[in-house]
Amino acid sequence: QVQLVESGGGLVQPGGSLRLSCAASGNSYRIYGMGWYRQVPGKERELVADITSGGDTNYAGSVKGRFTMSRDEMRNMAYLQMNSLKPEDTAVYYCNADVGTSAGTLRGYWGQGTQVTVSS
């Protein structure tokens, strides 16, 4: 099992910045990829950014150029630096990890989420 814990959410004004952290712990299986997702009540959870073990990142078009995802494999942590925040970025942000299993497949794990509110 892998446990993911997000932190760093809060209230910020439009145009401000916030940095989210995701701490991973648990078994010794390799985490192949990690991602950040967000969800607003009544809407589907959507991908914000993801990153591979090699450090390649992908971003949703709505956050490209404003958000930066990074990963520290030695510390088993992932981060999401959010700049130029907009009210539409308000959501619960979730950390995701794809973990290799003994069967040779990938299993997804999720954190509990952290609230980000962008408002004047």
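To be clear, the structure that these remarks concern was listed above.
In this text, all values refer to a predicted model and were calculated from it rather than measured experimentally.

**Notes on the sheet that holds strand β8 (residues 77–82)**
The pairing of strands in a sheet comes from backbone hydrogen bonds and takes either a parallel or an antiparallel form. Pairing in this open sheet of 4 strands is antiparallel, and the strands run β1-β3-β8-β7 from one edge to the other. Each edge of the sheet is formed by a strand with only one pairing partner; in this case those strands are β1 (2–7) and β7 (67–72). Across the sheet, the mean angle from the axis of one strand to that of its neighbour is 15°, orientation sign disregarded. In this sheet, strand β3 (residues 18–26) lies alongside β1 in antiparallel orientation, the contact comprising 6 bridges. Looking across to β3, one finds that serine 7 is bridged to serine 21.

**Quick look at the environment of tyrosine 29**
Along the chain, tyrosine 29 turns up in the loop between β3 and β4 (31–39). Relative accessible area serves as the criterion here: at 41%, tyrosine 29 is assigned to the partly exposed category. Taking the C-alpha atoms as reference points, tyrosine 29 and leucine 85, separated by 56 residues in sequence, lie 35 Å from one another. Those residues in contact with tyrosine 29, other than ones at most four positions away along the chain, are Val99, Gly100, Thr101 and Ser102.

**Points about the pattern of salt bridges**
Counted under the stated rule, the structure contains 4 salt bridges. The salt bridge involving arginine 38 is made with aspartate 89; its shortest N-O contact spans 2.9 Å. With arginine 38 in strand β4 and aspartate 89 in the loop between β8 and β9 (91–100), the pair connects residues that are 51 residues apart, well separated along the chain. Residues arginine 38 and aspartate 89 agree in their burial class; the two are buried. Residue aspartate 72 pairs with arginine 75 through a salt bridge whose shortest N-O separation is 3.8 Å. With a relative accessible area of 24%, aspartate 72 lands in the partly exposed category. Residue class for arginine 75 comes out exposed when judged on its relative accessible area of 63%. Within the structure, one salt-bridge network assembled from shared partners comprises Arg38, Glu46, Arg66 and Asp89.

Quick notes on the rules
Residues numbered from 1 in each chain as written. Predicted model: local features only at pLDDT ≥ 70, side-chain atom pairs only at ≥ 80, totals over all residues. Heavy atoms only, no water. Pairing = 2+ DSSP bridges. Helix = DSSP H or I, 4+ residues; strand = E, 2+ residues; numbered from the N terminus. Axes fitted to C-alpha atoms, helices over the stretch in contact; angles between N-to-C directions. Buried < 20%, exposed > 50% of the residue type's maximum accessible area, 1.4 Å probe, protein only. Contact = heavy atoms within 4.5 Å. Salt bridge = Lys/Arg side-chain N within 4 Å of Asp/Glu carboxyl O.

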